[in-house]
Amino acid sequence: MAWFKRKEKGIQTATENKKDVPKGLWYKSPTGKIIDADELAKNFYVSPEDDYHVRIGSEEYFSILFDEGKYKELDKNLTSKDPLGFEDTKKYVDRLKDAEAKTGLKDAVRTAVGKSFGKDLVVAAMDFKFIGGSMGSVVGEKIARAADYSLKNNVPLVIISKSGGARMMEAALSLMQLAKTSAKLAQLAEAKIPYISLCTDPTTGGTTASFAMLGDINISEPGALIGFAGPRVVRDTTGQELPADFQTAEFLKEHGFLDFISHRKVLKKNINLYIDLILNQAIRN
């Protein structure tokens, strides 16, 4: 039975000949659960074992909210400039090029219009993988233009926030987007066009201080991190110890900062329900 045994020791396989398991077949949640990637996608990117809501991007949210995943993207070719010539460990223009190459995105938000339960809906969805979902001039401009589209066509607006805050590479220009987006949302309110804000994990910094908390109805996914500054900054500023669940969606809802927490499986149904209720029209199923 010698043929079951290796006669020569130290045999190695060349790297190019090794058979690795292809990436993306499995997903491990922070709670340690292993999920098949296809099963995860079919379950709205929610772990079936522990109900953990996996971070997803604009394309996944569009597929969830729009009928048959069909939509028309708005202002898709807008890209950031570098008016300040910003450079830290790397030039800002190089960071932008790297982010676009790695993600296939032009910036940290995509806007689109399509049918949702048979009626038009404008959705602006942020992508955290593009420089941490930071809000620069392009993010503010695309959200403002999405609001303009809603105003012109009398279509409800949904903004899905997923951001680390304002983009430091654009300094005051990024901070100006807080005022610009807030002003546009005020116009929507004046025109009585519904605006639903969905906070996802994470929603922090300037997004929280502007459009993320200005919805006619503010909702969140379960377990999302939502806040302005980090816990350490808040603790040092207030001089108080913080609760263990501080800045979670559940904590914020309990203290009146959110109206509802919606599971991703019923997100489309709930958003359209809220729109129907605001407009006092027949409930769609």
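Computed from a predicted structure; not experimentally measured.

Our focus in this paragraph is the overall build of the protein. When you go through the protein residue by residue, the secondary structure sums to 8 helices and 9 strands. For the protein, the spread of C-alpha atoms along the three principal axes comes to 85 × 50 × 45 Å. In the protein, 66% of the contacts between residues at least 6 apart in sequence involve partners at least 24 apart. Surface accessibility of the protein: about 15,700 Å² in total, with carbon and sulfur atoms responsible for 53%. Between the averaged position of the 41 positive side-chain charges in the protein and that of its 38 negative side-chain charges there is a distance of 5 Å.

Turning next to the pairing of strand 8 (residues 217–220). Burial of strand 8 is two-sided: the residues Ile217 and Ile219 facing one way and the residues Asn218 and Ser220 facing the other way are all buried. Note: strand 7 (residues 195–203) against strand 8, 4 bridges, orientation parallel. By the bridge assignment, Leu198 is partnered in strand 8 with Ile219. Relative to strand 9 (residues 260–261), strand 8 runs parallel, the two sharing 2 bridges.

Our focus in this paragraph is the sheet that holds strand 5 (residues 119–126). Sheets are built from strands that pair by backbone hydrogen bonding, the pairs being arranged parallel or antiparallel. The 7 strands lie next to each other as 3-4-5-6-7-8-9, forming an open sheet whose pairing is mixed. The sheet is open, and its two borders are formed by strand 3 (72–74) and strand 9, each paired with just one other strand. Across 6 bridges, the pairing between strand 6 (residues 157–163) and strand 7 is parallel. Bridge pairing links Val158 to Ile196 in strand 7. Where helix 2 (residues 58–65) meets the sheet, it contacts strand 4 (109–116), strand 5, strand 6 and strand 7, and its direction lies at approximately 10° from that of strand 4.

Approximately 220 Å³ is the volume found for the largest pocket. Residue classes in the lining of the largest pocket are distributed as 7 nonpolar, 4 polar and no charged.

In this section: the pairing of strand 5. Buried residues dominate strand 5, accounting for 6 of its 8 residues. Summarising the sheet, strand 4 and strand 5 pair through 8 bridges and their orientation is antiparallel. Its bridge partner being in strand 5, Val113 is matched across the sheet by Val122. Relative to strand 6, strand 5 runs parallel, the two being bridged by 4 bridges. Of the residues in strand 6, the one forming a bridge with Val122 is Leu157. For the crossover from strand 5 across helix 4 (residues 137–153) to strand 6, the handedness is right-handed.

Before going further, it helps to examine helix 2. All of the buried residues along helix 2 are Ser58, Tyr61, Phe62, Ile64 and Leu65. One side of helix 2 holds all its buried residues, which, seen down the axis, span an arc of 165°.

Turning our attention to unusual backbone geometry. Put simply, Asp201 and Pro202 share a cis peptide bond, and its omega is -5°. Within the secondary structure, Pro202 is located in strand 7. Positioned with a positive phi, Asp51 is a non-glycine residue whose angle comes to about 65°. Counting through the fold element by element, Asp51 comes out in the loop between helix 1 (37–42) and helix 2. With a phi angle near 50°, Asp75 is a residue other than glycine that sits in the positive phi range. By the element assignment, Asp75 lies in the loop between strand 3 and helix 3 (92–103).

Turning to the nonpolar core, a few remarks are in order. Counting 27 residues, the largest nonpolar core has Leu157, Ile159 and Phe211 as the members making the most contacts within it. Going through the elements one at a time, helix 3, strand 4, strand 5, helix 4, strand 6 and helix 5 (172–190) are the ones with two or more residues in this core. A total of 4 residues in this core trace back to one element, the largest contributor, which is helix 4. For Leu157, the contacting residues outside a window of four places in its chain are Val122, Ala146, Ala147, Ser150, Leu185, Leu188, Pro194, Tyr195 and Ile196. Within the second largest apolar cluster, 20 residues are counted, among which are Phe66, Val123, Tyr274 and Ile275.

This part is about the pattern of salt bridges. Scanning the model with the defined rule gives 18 salt bridges in all. Taking the shortest distance from any N to any O, the salt bridge between Asp67 and Lys268 comes out at 2.6 Å. Separated by 201 residues along the polypeptide, Asp67 in the loop between helix 2 and strand 3 and Lys268 in helix 8 (residues 267–279) bring together distant segments of the chain. Given a relative accessible area of 17%, Lys268 falls into the buried group.

About the criteria used
Residues numbered from 1 in each chain as written. Predicted model: local features only at pLDDT ≥ 70, side-chain atom pairs only at ≥ 80, totals over all residues. Heavy atoms only, no water. Helix = DSSP H or I, 4+ residues; strand = E, 2+ residues; numbered from the N terminus. Contact = heavy atoms within 4.5 Å. Areas by Shrake-Rupley, 256 points an atom, 1.4 Å probe, with all protein chains shown as cover. Lys, Arg positive; Asp, Glu negative; His and termini not counted. Charge placed at Lys NZ, Arg CZ, Asp CG, Glu CD. Buried < 20%, exposed > 50% of the residue type's maximum accessible area, 1.4 Å probe, protein only. Pairing = 2+ DSSP bridges. Axes fitted to C-alpha atoms, helices over the stretch in contact; angles between N-to-C directions. 1 Å grid on protein atoms, 1.4 Å probe; cavity = no way out; pocket = protein on both sides within 12 Å on 5 of 7 lines; lining within 4 Å. Points joined across faces, edges and corners; volume = space filled by probe spheres on them. Nonpolar A, V, L, I, M, F, W, Y, C, P; charged D, E, K, R; others polar. Right-handed = clockwise from strand over helix to strand, strands pointing away. Arc of directions from axis to C-beta. Core = buried A, V, L, I, M, F, W, Y, C linked by side-chain atoms within 4.5 Å. Salt bridge = Lys/Arg side-chain N within 4 Å of Asp/Glu carboxyl O.

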